[in-house]
Amino acid sequence: MRVLKTILIAAVCAAFAGCEDARRGGEYTADFFAMDTVMRVTAYGNESEKAVRAVENRIGELEKMWSATDAESEIFAINHSGGEPVAVHKETAELVLFAREIAEKTGGALEPTIYPVLTAWGFTVGENRVPSDEEIAELLENVGYERISVAGNEVRTGENMMLDLGAVAKGEAADEAARILKENGISSALINLGGNVRLIGGKPDGSDWRLGLKDPLGSGYAGVLNVSDCTVVTSGSYERYFTADDGTVYGHIIDPSSGYPADNGLLSVTIIAKEGRLCDALSTALFVMGEEKARAYWRENGGFDMILITRDEVIVTGGIAEMFSLDSGHEYLRLTVI
Ligand code: AMP
Ligand code: MG
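Below or above, wherever it landed, is the structure these notes cover. (Residues numbered from 1 in each chain as written. Chains lettered and ligands numbered in written order. Predicted model: local features only at pLDDT ≥ 70, side-chain atom pairs only at ≥ 80, totals over all residues. Heavy atoms only, no water.)

1. Describing the overall build of the protein chain
Note the cut-off: By the criteria applied, helices consist of DSSP H or I runs no shorter than four residues and strands consist of E runs no shorter than two, each listed in order from the N terminus. Computation of the radius of gyration draws on C-alpha atoms alone. For the globule rule, the value is 2.2 Å times the number of residues to the power 0.38. The buried label applies to any residue whose accessible area, calculated with a 1.4 Å probe on protein chains only, is under 20% of its type's maximum; exposed applies above 50%, and partly exposed to all values in between. Throughout, a contact is declared for two residues whenever any of their heavy atoms are within 4.5 Å. Methods summary: accessible areas were calculated by the Shrake-Rupley approach with a probe of 1.4 Å, and residue burial reflects only the protein chains presented. Charge assignment: positive for Lys and Arg, negative for Asp and Glu; neither His nor the chain ends contribute. Lysine's charge is taken at NZ, arginine's at CZ, aspartate's at CG and glutamate's at CD.
The secondary structure content of the protein chain amounts to 10 helices and 19 strands. Taking 2.2 N^0.38 as the reference for a compact globule, 338 residues should give roughly 20 Å; the C-alpha atoms of the protein chain span a radius of gyration of 21 Å, in line with that estimate. Per-residue burial over the protein chain gives 51% buried out of 338 residues. In the protein chain, the proportion of contacts linking residues at least 24 apart, taken out of those at least 6 apart, comes to 57%. When the accessible surface of the protein chain is split by element, carbon and sulfur atoms take 49% of a total near 16,300 Å². Put simply, the protein chain has 30 plus and 53 minus side-chain charges, and the middle of one group is 8 Å from the middle of the other.

2. Quick look at the pairing of strand E1 (residues 27-34)
In plain terms, the rule: If DSSP finds at least two bridges between two strands, the strands pair.
Both E1 and strand E2 (residues 37-44) contribute to a ladder of eight bridges, which runs antiparallel. Within E2, the residue paired with Tyr28 across the bridge is Ala43. What sits between the antiparallel neighbours E1 and E2 is a turn of two residues, in which Met35 has the positive phi angle 50 degrees.

3. Some thoughts on unusual backbone geometry
We note that Asp36 has phi near 65 degrees; this positive angle belongs to a residue other than glycine. Its place among the elements puts Asp36 in the loop between E1 and E2. Overall, the relative accessible area of 47% leaves Asp36 in the partly exposed class. In this model, Asp229 sits at a positive phi of 50 degrees, which is unusual for a non-glycine residue. With respect to the helices, strands and loops of the structure, Asp229 is situated in the loop between strand E9 (221-227) and strand E10 (231-236). Look at Asp229 and you get partly exposed, because its relative accessible area is 33%.

4. Concerning the sheet that holds E10
For clarity, the cut-off: Think of each axis as a best-fit line through the C-alpha atoms, taken over the contacting stretch in the case of a helix, with angles from 0 to 180 degrees between the N-to-C directions.
The nine strands lie next to each other as E1-E2-E6-E7-E10-E15-E16-E17-E19, forming an open sheet whose pairing is mixed. Where the open sheet ends on each side, the last strands, each with one partner, are E1 and strand E19 (334-337). Along the sheet, successive strands turn relative to each other by an average axial angle of 10 degrees, direction set aside. Pairing of E10 with strand E15 (residues 268-273) involves six bridges; the strand directions are antiparallel. Pairing of Thr234 across the sheet is with Thr270, part of E15. Running at roughly 15 degrees to E1, helix H2 (residues 48-66) makes contact with E1, E2 and strand E6 (188-193) of the sheet.

From the geometry alone we can't say anything about function, so treat these as descriptive.
Following this line, the structure appears as structure tokens:
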């Protein structure tokens, strides 16, 4: 009898929830796999289903243009052009230009032509290995954002160079997703493109979203961010890595100055700002730079907040400090506000 009552109550709640959803237009969520990662888009409002489906379609289109491995993509065409100019969609030209710009601003920490080195480590082909120093040195000769040129809708790189927009594409896709949702009248949504989180407004009740910040060394959360209407992007080698025979762990973010996976003590970098692609580009670049240079870059450039996690410290910039709280199991981490 008691079980029956519980089931009934549950059914009634579900029914009420249904009415409530129908009245305010409801919540719609899509989970899908794109750009080599798991994505989830949740929107609230009258047109939520239509809007979320439009986002999923559009991300599929962007992936078709930007995938480095798809032989039909524009990036693939550039990478197999032998250094000849390639006509691409406006979106592609703009994103390449943006990546080049940030590469320049970060002194080459973001390096959109690192792909051949990344491949040598096996990250794109799924069979990881440790390349020899000679092999890395040779491959680095074909790395250098300075040799990318964009003229109108034409992109050109040096012969034997390879572009990879993997460090910025998800951020740009998140911006595009936000534009589409807003065009469809959505004022509350959470877009999570493989750790690139774009928030539209607050939760439907107006309160902030609670985002868990992954513990780079464990399975739980190192802390929680309470934020609205911004983008939060985290880069860390824990996202994708392999362990070599000698036990060394190698991550998927390459330090272009050495050709080795970045290994400078930073475990993760989270960037918080309005624009998704900036967050994405900087999370990767500052992860490569390491703590000191990341702090200097933030001081000199501003325009964003960040959370840097090392083995024993969490460094948070002042603009976000009040929105961040350390998880109760992680109080051994020293919290420094800069
Ligand atoms: P993210 O997850 O945004 O930090 O980007 C990491 C991805 O960008 C990697 O999986 C590579 O495809 C690519 N990548 C690795 N190292 C770099 C680098 N130094 N600059 C630009 N892209 C990189
Ligand atoms: Mg990135």
